Amino acid sequence: MDTPLDTPPSPPGADQADGPSVRIGVLVPLTRPGWAAAGRHLLAGFELAVRDVNDLGGITGRPLELVVRDTAADPRRAAEAMDELARLGVAAVAGEYHSVVARAAATRADALGLPFLCSSAVLDALTEQPTEWVARLAPAQSHSWRIYADFLLGAGHSRIAVAADPSVYWAAGTRILRDCLAPRGGTVIELDMRALSPTAVCDELVGDGATALLLLAGHPEPAVSIVKSVRRDERLAEIMIGAPAGQPEFAEWATLLGDDGAAIPFLRYLPERLSPLGARVETALRERLGEAPSFVAFEGYDTVTVLADVLRSHGTDRARTAGSWSRVAVEGTRGRIRFSRRPGISVWQWAWTPVHVADRDPAEPGRFRVLHADEENADG
């Protein structure tokens, strides 16, 4: 088993609560090949929420504490971390960004009888069979990627190329796009990134006649190199590049690509306007991160907010926690959070997180523009 990260000290504010701590396990990708920037934002949201919970007295007088484990985007490592966290006696586990890793964690949580609140991963089938032990804050991929498909058609794009890495997640995204576009006359052309270089992708695009190219590929590579190649190819001056998985959300994207990283629409799980709570948390997250917080940081904050409410109301017994998902009604940074059962989704689901399609403004790449919104948030 990989050597786990040391458990960090209790966050500031823990001295406001007395007694033995209530521990929550946390899974985040903090090292390569995991998307470390996403992991850092997710963890910042967790830590800020723990500070706020403890400043208000913790869990009925006991401080809340995080037990952090780095998954490094490795499903095996995540499953082993779940085993370790169960032995350590955590009340619940939260987190993970990568869908395939979250699926391994959710499957293990179900087997162990360990409550798991998935923060950020969107793959519909987090477990093979319906489970009471797992709930999720992020929207299911089938929901959010349908919104992206609507955006594409509304923008006049019906012939879509996808530059795809081999992955259950990317394959699911391609299937969702095809299922949404085909009945309305759209076409999805798959470009296998195992066989094509970024330059070869450009040649394929010229021959296929696609008007949009979607990056269903890893960050930073090959996604960054594909963008650079397409932007520099005069034959493709009119093609739209899109990134439904959200790569342009992070400051690293703008650093690596500069102006080339603008005008690339992606899915963003935020309302168009934050509530007073969301605005306060945004300011605190910005101070903690030293940069604008991504929607992933808000997902981390909301995860701890939900778990703290459940633990205050129902205690730290794992079975009682898992049995309480249907009774959650918590004000989060992005709306009121409730969980329900949704067709085709095996876990308790917040239906739905606010979703919009955004991009970085070409005139000011540090600013985001909302291009398309679907903020229906049916409580299920």
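Residues numbered from 1 in each chain as written. Predicted model: local features only at pLDDT ≥ 70, side-chain atom pairs only at ≥ 80, totals over all residues. Heavy atoms only, no water.

1. As for the sheet that holds strand 16 (residues 364-374)
Okay, step 1: Taken together, the three strands give an open sheet; going across it, the order is 10-15-16, and neighbouring strands pair in antiparallel fashion. Of all strands in the sheet, those bounded by a partner on one side alone are strand 10 (266-268) and strand 16. Direction aside, neighbouring strands of the sheet carry axes that sit 40° apart on average.
Okay, step 2: Where strand 15 (residues 355-361) lies against strand 16, seven bridges are found, and the strand directions are antiparallel. In the sheet register, Arg360 faces strand 16, and the bridge partner there is Phe368. (Pairing = 2+ DSSP bridges. Helix = DSSP H or I, 4+ residues; strand = E, 2+ residues; numbered from the N terminus. Axes fitted to C-alpha atoms, helices over the stretch in contact; angles between N-to-C directions.)

2. Observations concerning the nonpolar core
Okay, step 1: In terms of nonpolar packing, the biggest core is built from 78 residues, with Phe46, Leu64, Trp145, Leu214 and Phe339 touching the most fellow members.
Okay, step 2: For this core, the element with the most residues is helix 10 (residues 295-314), which contributes 11 residues.
Okay, step 3: Of all hydrophobic cores here, the second largest spans 25 residues; its members include Ala78, Val101, Phe116 and Ala351. (Core = buried A, V, L, I, M, F, W, Y, C linked by side-chain atoms within 4.5 Å. Buried < 20%, exposed > 50% of the residue type's maximum accessible area, 1.4 Å probe, protein only.)

3. Digging into helix 9 (residues 276-289)
Okay, step 1: Taking 1.5 Å of rise per residue, the 14 residues of helix 9 would be expected to cover 20 Å, and the 20 Å separating its terminal C-alpha atoms lies within 8% of that figure.
Okay, step 2: Turning to helix 9, its buried residues are Gly278, Val281, Ala284, Leu285 and Leu289. Buried residues of helix 9, seen end-on, are gathered within an arc of 130° and therefore sit on one face of the element. Summarising the geometry of helix 9, the exposed residues directed more than 90 degrees from the buried face are Pro276 and Glu287.
Okay, step 3: Looking one or two residues past helix 9, Gly290 carries a phi angle of roughly 75°, positive in sign. (Expected span 1.5 Å × (residues − 1). Arc of directions from axis to C-beta.)

4. Here we look at the sheet that holds strand 3 (residues 92-95)
Okay, step 1: Spatially, seven strands are ordered 2-1-3-4-5-14-13 in an open sheet, and the strand pairing comes out mixed. Lying at the two open borders of the sheet, with one neighbouring strand each, are strand 2 (64-70) and strand 13 (339-340).
Okay, step 2: Pairing of strand 5 (residues 134-136) with strand 14 (residues 348-350), which is carried by two bridges, proceeds in the parallel orientation. The residue bridging Arg136 from the neighbouring strand is Gln349, located in strand 14.
Okay, step 3: Along the sheet, helix 1 (residues 36-55) makes contact with strand 1 (22-28), strand 2 and strand 3, crossing strand 2 at roughly 165°. (Contact = heavy atoms within 4.5 Å.)

5. Considerations on the side chain of Arg136
Okay, step 1: Relative to the helices and strands, Arg136 is located in strand 5.
Okay, step 2: Here Arg136 is buried and forms no salt bridge, its nearest opposite-charge partner Asp124 lying at an N-O distance of 5.1 Å.
Okay, step 3: Among the polar contacts made by the side chain of Arg136, one reaches the side chain of Gln349 at a distance of 2.9 Å. (Lys, Arg positive; Asp, Glu negative; His and termini not counted. Salt bridge = Lys/Arg side-chain N within 4 Å of Asp/Glu carboxyl O. Polar contact = N/O pair within 3.5 Å; in protein donor to acceptor, adjacent residues only side chain to side chain.)

6. Brief notes about helix 3 (residues 99-112)
Okay, step 1: Helix length check: helix 3, at 14 residues, gives a terminal C-alpha distance of 20 Å against a target of 20 Å (1.5 Å per residue), a fit within 8%.
Okay, step 2: Listed as buried for helix 3 are Ser99, Val101, Ala102, Ala104, Ala105, Ala106 and Ala109.
Okay, step 3: On its buried face, helix 3 sits against strand 1, helix 2 (75-88), strand 4 (116-118), strand 5 and helix 5 (168-181).
Okay, step 4: One or two residues past the end of helix 3 sits Gly113, with phi positive at roughly 70°.

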